[in-house]
Amino acid sequence: MPSMNPFRTRPRGPLSLQTRLMAAVTGFVSLILVVIAIATSVVLGNVLNGRLQDELAATTKNVGTQAMQKLVLGHVVPDASDLVVGPTGVQNGTLVIVVTPAGSATGTVVTADRVAQDLTPLQIHQAVTALSEGRYTEDLSQLGDYQFVHQPVPASGPAQFEVITGLPRASTEAQITTLFSMIALTTIGGLILLALSTAITIRVALRPLREVAATANRVANQPLDRGDVSITERVPAAEADPRTETGLVGSALNTLLDHVDASLAVRQRNEERMRQFVADASHELRTPLSSIRGYSELSLRALTRSDAPEDPATASAHTALERIQAQSLRMTSLVEDLLLLARLEEGRELTLSTVDLSRLAIEGVEDARPTAPDHVWAIDVPEEPVELIGDTGRLQQVVTNLLANARTHTPAGTRIAIEVAEEGSEVVLRVRDDGPGIDPAVRDELFSRFARGDRSRNRATGGSGLGLSITKAIVDGHGGTISVQSEPGATLFTVRLPKVPQATAGATQTRPADTAPPRPADKDAPQQHHADRPAPRHRDEDAPRGAENRGGAGSHQLGRTLGGR
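Every chain's residues receive numbers from 1 upward, in the order its sequence appears when written. Totals for whole chains, interfaces and linings use every residue, but because this is a predicted model, local features are given only for residues with pLDDT of at least 70 and side-chain atom pairs only at 80 or more, for both listing and counting. Based on all heavy atoms of the structure, the side-chain values leave hydrogens and waters out of the count.

1. Focus on the sheet that holds strand E6 (residues 161-168)
In spatial order, the strands read E3-E2-E1-E6-E5-E4; together these six strands make up an open sheet with antiparallel pairing. Strands with a single pairing partner mark the edges of an open sheet, and in this sheet they are strand E3 (116-118) and strand E4 (137-140). Within the sheet, the average angular offset between the axes of one strand and its neighbour, ignoring direction, is 30°. For two strands to be treated as a pair, DSSP must find at least two bridges joining them. Here a helix means four or more residues in a row that DSSP labels H or I, a strand means two or more in a row labelled E, and each is numbered from the N terminus. Looking at chain direction, strand E5 (residues 144-153) and E6 are connected through eight bridges and run antiparallel. Each bridged residue has a counterpart across the sheet, and for valine 149 the counterpart in E6 is threonine 165. Whether two residues are in contact is decided by their heavy atoms: any pair within 4.5 Å suffices. Here an axis means a line fitted to C-alpha atoms, over the contact stretch when the element is a helix, while the angle between two N-to-C directions is reported on a 0 to 180 degree scale. Here helix H2 (residues 121-132) sits on the sheet in contact with strand E1 (95-99), strand E2 (105-110), E4, E5 and E6, set at roughly 160° to E4.

Right, here's the structure in full:
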């Protein structure tokens, strides 16, 4: 198991184009400005140091002249103070040290008030030591940083002595520091202005791309997979100028959206024509199928009542008529399913009223239990009614289809449980079983028309493949969703329905006069789920009936009068 390091940094996401452009422009310009600032500072620093050297050279020459005059007139080595007293022209802060041939030294410095102040032995020692070590600058005690020059007086001869002249570096260093500060502040200010101007420029330049992204997101959030869809979102004309690079992207997206909108319109027209064809064909087939079923019933009745002795031909005819009647019933059921699907997709076939979904769940289990007594049935509904606005008949069909779906595709002994609950503004219906699960190969097509887990389309292992397709159409018509989760030993269908459908909130719909009331249907579906339609059960709706909850924890015994709900 890999060790967990709480201090490990998380991987960072990619930087935006605006950030990268700003970083690149600001970085390159900053580098250029910093190089210019450094070069300017170095050049100006050299200029100031050169000026200090010139001043020191002039002062050294002046002090050397004074020392030579004192030596000629007095024939003795002068003191350092003698070289700065009087109209010598030396500036404030000038330092003079005289080292005699015997090795003794005297030193003086001109203060700010033009007074010659003797140097301490430590200060003289520091200056002489620095020069002897080849250093021409030294930080003297209590005086600061000085720059020195030494010269012999006279230039040659037995009475030669050394004169050391120094000037303070404080003024030059202050000027250099001030210069560096001004350059640094100017550079930082320029970088800030550059970053702001770059950010504004890039943001304005990339605005068309943001409009393209916003338009694409709005289009992506539209439900384009079904219904009459029209894409009205477009990039504004001001941001889709093909004469600019970014505007060219917006113009290309607008052209693409035009093509997609036209394609969706063509698709919708084709779907409407196909839906109308299915509805018309189903409607037209109902009459001949009714006639076939009627004639077969009459012929069977006539054969049954006939007093003629049975012979092989009569038995064969009787069998053929029974098969004709069974197949006509099957064909009628398929046609009715196709017609129902077409009408549901057109937004018809729903009559809204208050529906108690917990009652529908109980009735669905009571209807399903006799058809599969070898399964274990369980139900979990709250004590209070779980009500919503919907079509009672169609929601009953959803419950029946899901239960039949689970019953048909699971072996004997499988536990099938149905649960009804309220979650916020939604009502949730769950049907679960511990059967073999759904084949992953057909899971993606589970709610498609004519989808079946058995590719052989054997009637013994499923129906026509319209059961879950009709279930999904009914759920979609109520503004809900249906989903499935399946693995071996656990399959769960979840239906979520709003208590009040948004499209019909506050409104009621009445069933068209020419539409037959919904019939309970035990619909079929893929892998896990296709089921043949069980025979209808006639019962007194006002009679009390109970539903036994055979589940585990959380289940409870139900024994209440459903008619009173």
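2. A look at the pattern of salt bridges
The rule for a salt bridge is simple: a side-chain nitrogen of Lys or Arg has to be within 4 Å of a carboxyl oxygen of Asp or Glu. Evaluation of the coordinates by the stated rule reveals 14 salt bridges. The partner of aspartate 258 in a salt bridge is arginine 234, and the shortest N-O contact between them spans 2.8 Å. Linking aspartate 258 in helix H5 (residues 245-305) with arginine 234 in the loop between helix H4 (207-220) and H5, this pair joins segments that are 24 residues apart in sequence. Buried means the residue's accessible area, taken with a 1.4 Å probe over protein chains only, is under 20% of the maximum for its type, while exposed means over 50%, and partly exposed covers the values in between. The exposure class assigned to arginine 234 is partly exposed, which follows from its relative accessible area of 23%. In this structure, glutamate 419 and arginine 432 form a salt bridge, with 3.7 Å as the shortest nitrogen-oxygen distance. Of the two residues, glutamate 419 sits in strand E10 (residues 415-423) while arginine 432 sits in strand E11 (residues 426-433), which places them 13 residues apart along the sequence. Connected via shared salt-bridge partners are Glu419, Glu423, Glu426, Arg430, Arg432 and Arg496.

3. Observations concerning the packing of helix H3 (residues 170-205) against H4
The N-to-C vectors of H3 and H4 enclose an angle of 45°; their axes lie 4 Å apart at closest approach. Considering their axes alone, H3 and H4 lie oblique with respect to each other. Two secondary-structure elements touch here, H3 through Arg203, Val204 and Ala205 and H4 through Arg207, Pro208 and Arg210. Gly falls in the polar group here, along with every residue not listed as nonpolar (Ala, Val, Leu, Ile, Met, Phe, Trp, Tyr, Cys, Pro) or charged (Asp, Glu, Lys, Arg). Here the residues of the contact of H3 with H4 sort into three nonpolar, no polar and three charged. Our angle categories are set so that under 35 degrees counts as roughly parallel, over 145 as roughly antiparallel, 65 to 115 as roughly perpendicular, and the remainder as oblique.

4. Considerations on the packing of helix H7 (residues 357-371) against helix H8 (residues 392-408)
Two elements in contact, H7 and H8, have axes whose closest approach is 9 Å; the angle formed by their N-to-C orientations is 40°. Accordingly, the angle class assigned to the pair H7 and H8 is oblique. In this structure, the crossing between H7 and H8 has a hand that is right-handed. Here H7 contributes Leu360, Ala361, Glu363, Gly364, Val365, Ala368 and Thr371 to the contact with H8, which in turn contributes Thr392, Leu395, Gln396, Val399, Leu403 and Arg407. Here a crossing is called left-handed whenever its near helix is offset anticlockwise from the far helix by less than a right angle, and right-handed whenever the offset is clockwise.

5. Considering unusual backbone geometry
Backbone geometry at glutamine 142 places phi at a positive 65°, although glycine is not the residue there. Mapped onto the elements, glutamine 142 comes out in the loop between E4 and E5. Look at glutamine 142 and you get exposed, because its relative accessible area is 76%.

6. Describing helix H10 (residues 467-477)
Buried residues dominate H10, accounting for eight of its 11 residues. What H10 keeps buried is the set Gly467, Leu468, Ser469, Ile470, Thr471, Ala473, Ile474 and Val475. Directly after H10, the chain includes glycine 479, whose backbone phi takes a positive value near 75°.

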